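Per-entry structural report
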Amino acid sequence: MTDNAARLQLYLDHRPALINYAKVVVGDHARAEDVVQDAFLRFCGNTDDPVEQPLAYLYRIVRNLALDAVRRQATEKRQQKMPAQWMRPGQELSPEQRVVHGDDASRIAATLANLPEQMRIAVEMHRLGGFTLQQTADHLNISLSTAHRLVKDAIVQLASSVATQGAHSKERPYA
């Protein structure tokens, strides 16, 4: 069957039965009508290939679309029940953890302030400002590889300032 008029007539003749068939799967009359409408578009959209059993083919399309709709709805419900990890509130820090984080932030700020000017600007632009390395290099009038080296060296110094102090804080203060 390749004629659009014949496909349309077949669809119209069996539309109520197709809706009932889809309703059993999706559980809702309105969603079943949407599924059957989508099935019609697929059924009549592919007229290049002849279909030996067009009614069975139409029912298969309805069934597959109905199952897809049920799966999609289940996925949406799961996502609504459980927000994404980044949307969940963070765990409350203990007073000790707040002090440690505050000390780390102070050390990072002090280290950042003591970096050479070009290195500080490069790391601020690239890591904090969201600029690309090329934009950073252009702004500082340096090569791309130099900008990359400046950012890398700054990150190493910032990380080591926190790591060095963290190692010292694990020592016993009252020994």
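All residue numbers here refer to positions counted from 1 along the written sequence of the relevant chain. Local features are withheld for residues below a pLDDT of 70 in this predicted model, meaning they are given only at 70 or higher, and side-chain atom pairs are given and counted only at 80 or more; totals for whole chains, interfaces and linings count all residues. The basis for the side-chain values is all heavy atoms of the structure; hydrogens and waters are excluded.

In the nomenclature of an unreviewed UniProt entry, the protein is known as Sigma-70 family RNA polymerase sigma factor of Pseudomonas reactans. UniProt, in the comment section headed Sequence similarities (unreviewed entry), describes the protein in these words: "Belongs to the sigma-70 factor family. ECF subfamily." UniProt positions are given in the numbering used here, feature names are shortened, and annotations may be inferred rather than shown by experiment.

Note on placement: Leu65 falls in helix H3 (residues 54-81). Leu65 gets classed as buried once you look at its relative accessible area, which sits at 10%. Each C-alpha atom, one on Leu65 and one on Asp38, is 7.8 Å from the other, the two residues being 27 residues apart in sequence. For Leu65, the contacting residues outside a window of four places in its chain are Val35, Asp38, Ala39 and Arg42. Helical segments are the DSSP runs of H or I of at least four residues, strand segments are the runs of E of at least two, and each set is numbered from the N terminus. Think of it in three bands: with a 1.4 Å probe and only protein chains considered, a residue is buried below 20% of the maximum accessible area for its type, exposed above 50%, and partly exposed in between. Two residues qualify as a contact provided that any one of their heavy atoms is within 4.5 Å of a heavy atom in the partner residue.

Moving on, we get to the packing of aromatic side chains. Whether two aromatic rings pair depends on their centres lying within 6.5 Å, for rings of Phe, Tyr and Trp, where Trp uses its six-membered ring; planes under 30 degrees apart make the pair stacked, over 60 edge-to-face, and the rest tilted. Enumeration over the complete set of coordinates arrives at 3 aromatic pairs. Geometrically, the ring pair formed by Tyr11 and Phe40 is tilted, given 4.4 Å between the ring centres and 35° between the ring planes. Taken together, the residues span a long stretch of sequence, with Tyr11 in helix H1 (residues 4-26) and Phe40 in helix H2 (residues 29-45) at a distance of 29 residues. Ring geometry for Tyr21 against Tyr59: centres 5.1 Å apart, planes inclined by 70°, an arrangement best described as edge-to-face. Residue Tyr21 is found in helix H1, and its partner Tyr59 is found in helix H3; the two are separated by 38 residues along the sequence. For Tyr21, a relative accessible area of 31% translates into the label partly exposed. In this structure Tyr59 comes out as partly exposed when scored by relative accessible area, which is 23%. We count a charge as sitting over a ring when the NZ of a lysine or the CZ of an arginine lies within 6 Å of the ring centre and within 35 degrees of the ring normal. Positioned over the ring face of Phe43 is Arg7, at 4.9 Å from the centre of the ring.

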